Amino acid sequence: LAKTTQPISMDSYEGQEVNITCSHNNIATNDYITWYQQFPSQGPRFIIQGYKTKVTNEVASLFIPADRKSSTLSLPRVSLSDTAVYYCLVGEDTGGFKTIFGAGTRLFVKA
Amino acid sequence: EAQVTQNPRYLITVTGKKLTVTCSQNMNHEYMSWYRQDPGLGLRQIYYSMNVEVTDKGDVPEGYKVSRKEKRNFPLILESPSPNQTSLYFCASSLSGTGVPPLHFGNGTRLTVT
């Protein structure tokens, strides 16, 4: 798995857009980028996955530049309930036995 | 509803008293795994199973046992629990053990060993 670097924590206010960037300079050709969200005392939850360019679903958007050395998870108009830890995983096996979760980014949304 | 179900959610026990945490998934997933989560240490994999009767050690297997006799069930067994196994445990499953299908997690089991 490619090593990833993401901020340890971020603060935001309700209604703002939040962008969490993950660096993965050693990403390989076959690697996908996957983001999970974990609320306190709950298991991580898959939120989005992409390979290149932009992916959007009902929860978030994922922006991946052409060189794929970084990616940005974008959460539109966050609410208090978006307070959670967000994990960036990069690899060709991020759904199985090689899955490794790092420390993640702790997002705290304030009223 | 597609889900991974762990039981119990909370468990308090004493050192040396054998216990089992159950995990069941209803998505016909081949891959299942157990993690423990401790403050400052993140999620660490205990054991995983690529399919029925196929299990292997993760990063922190000492003191734990697992079995995969059926596709849907993957119990975690602590034969002789010790206080250092006090932790939050998560079971997860995915369609297969390779590739990038998303992992589905249970709601966790908070274990306290006194």
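For the structure given in this document, a descriptive report is provided here. (Residues numbered from 1 in each chain as written. Chains lettered and ligands numbered in written order. Predicted model: local features only at pLDDT ≥ 70, side-chain atom pairs only at ≥ 80, totals over all residues. Heavy atoms only, no water.)

**Digging into the overall build of chain A**
A count of helices and strands for chain A gives zero helices and nine strands. Residue pairs at least 24 apart in sequence account for 58% of intrachain contacts in chain A once pairs closer than 6 positions are excluded. Split by element, the accessible area of chain A, about 5600 Å² in all, is 51% carbon and sulfur. Each charge class in chain A can be summarised by its mean position, and for the 10 positive and 9 negative side chains these summaries are 3 Å apart. (Helix = DSSP H or I, 4+ residues; strand = E, 2+ residues; numbered from the N terminus. Contact = heavy atoms within 4.5 Å. Areas by Shrake-Rupley, 256 points an atom, 1.4 Å probe, with all protein chains shown as cover. Lys, Arg positive; Asp, Glu negative; His and termini not counted. Charge placed at Lys NZ, Arg CZ, Asp CG, Glu CD.)

**With respect to unusual backbone geometry**
A cis geometry characterises the amide bond from Asn-7 of chain B onward to Pro-8 of chain B, with omega recorded as -5°. Topologically, Pro-8 of chain B is positioned in the loop between strand E1 (4-7) and strand E2 (10-13). Backbone geometry places Thr-53 of chain A, a non-glycine residue, at a positive phi of 55°. In this structure, Thr-53 of chain A sits in strand E5 (residues 53-56). Classification of Thr-53 of chain A as exposed rests on a relative accessible area of 52%. The phi dihedral of Asn-28 of chain B falls on the positive side, at around 60°, and the residue is not glycine. For Asn-28 of chain B, the position within the fold is in the loop between strand E3 (19-25) and strand E4 (31-38). (Buried < 20%, exposed > 50% of the residue type's maximum accessible area, 1.4 Å probe, protein only.)

**Considering the packing of aromatic side chains**
All told, the structure shown has eleven aromatic pairs over all chains when counted by the stated rule. A centroid spacing of 6.5 Å and a plane angle of 85° characterise the contact between Tyr-36 of chain A and Phe-105 of chain B, whose relative ring orientation is edge-to-face. A residue pair is termed interchain when its members come from two chains, as with Tyr-36 of chain A in strand E3 (residues 32-38) and Phe-105 of chain B in strand E10 (residues 104-105). For Tyr-36 of chain A, a relative accessible area of 0% translates into the label buried. For Phe-105 of chain B, a relative accessible area of 11% gives the class buried. Here Tyr-31 of chain B and Tyr-48 of chain B contribute two aromatic rings whose centre-to-centre distance is 6.1 Å and whose plane-to-plane angle is 35°, an arrangement assigned as tilted. With Tyr-31 of chain B in strand E4 and Tyr-48 of chain B in strand E5 (residues 42-51), the pair connects residues that are 17 residues apart, well separated along the chain. Note on Tyr-48 of chain B: relative accessible area 11%, which makes it buried. Three or more aromatic residues joined by ring pairs make a cluster, and in this case those are Tyr-36, Phe-46, Tyr-87 and Phe-101 of chain A together with Tyr-35, Phe-90 and Phe-105 of chain B. (Phe/Tyr/Trp six-rings, centres within 6.5 Å; stacked < 30°, edge-to-face > 60°.)

**Here we look at the pattern of salt bridges**
Residue and element names in this part refer to chain B. This structure, assessed with the given rule, holds four salt bridges over all chains. Across the pair Asp-38 and Arg-36 runs a salt bridge whose closest N-O atoms are separated by 2.9 Å. Residues Asp-38 and Arg-36 agree in their burial class; the two are buried. Notably, a salt bridge pairs Glu-79 with Lys-65, separated by 2.9 Å at the nearest N-O pair. Of this pair, Glu-79 sits in the loop between strand E8 (76-78) and strand E9 (87-94) while Lys-65 sits in strand E7 (residues 65-66); the two residues are 14 residues apart in sequence, bridging distant segments of the chain. (Salt bridge = Lys/Arg side-chain N within 4 Å of Asp/Glu carboxyl O.)

**Considering the sheet that holds E5 of chain A**
Sheets are built from strands paired through backbone hydrogen bonds, the pairs being either parallel or antiparallel. Residue and element names in this part refer to chain A. Pairing in this open sheet of four strands is antiparallel, and the strands run E2-E7-E6-E5 from one edge to the other. The open sheet has two free edges, formed respectively by strand E2 (18-23) and E5, since each of these has just one partner strand. When strand polarity is set aside, the average angle formed by the axes of neighbouring strands in this sheet is 15°. One ladder, built from three bridges, connects strand E6 (residues 61-64) with strand E7 (residues 70-75); its direction is antiparallel. In the sheet register, Ser-61 faces E7, and the bridge partner there is Ser-74. (Pairing = 2+ DSSP bridges. Axes fitted to C-alpha atoms, helices over the stretch in contact; angles between N-to-C directions.)

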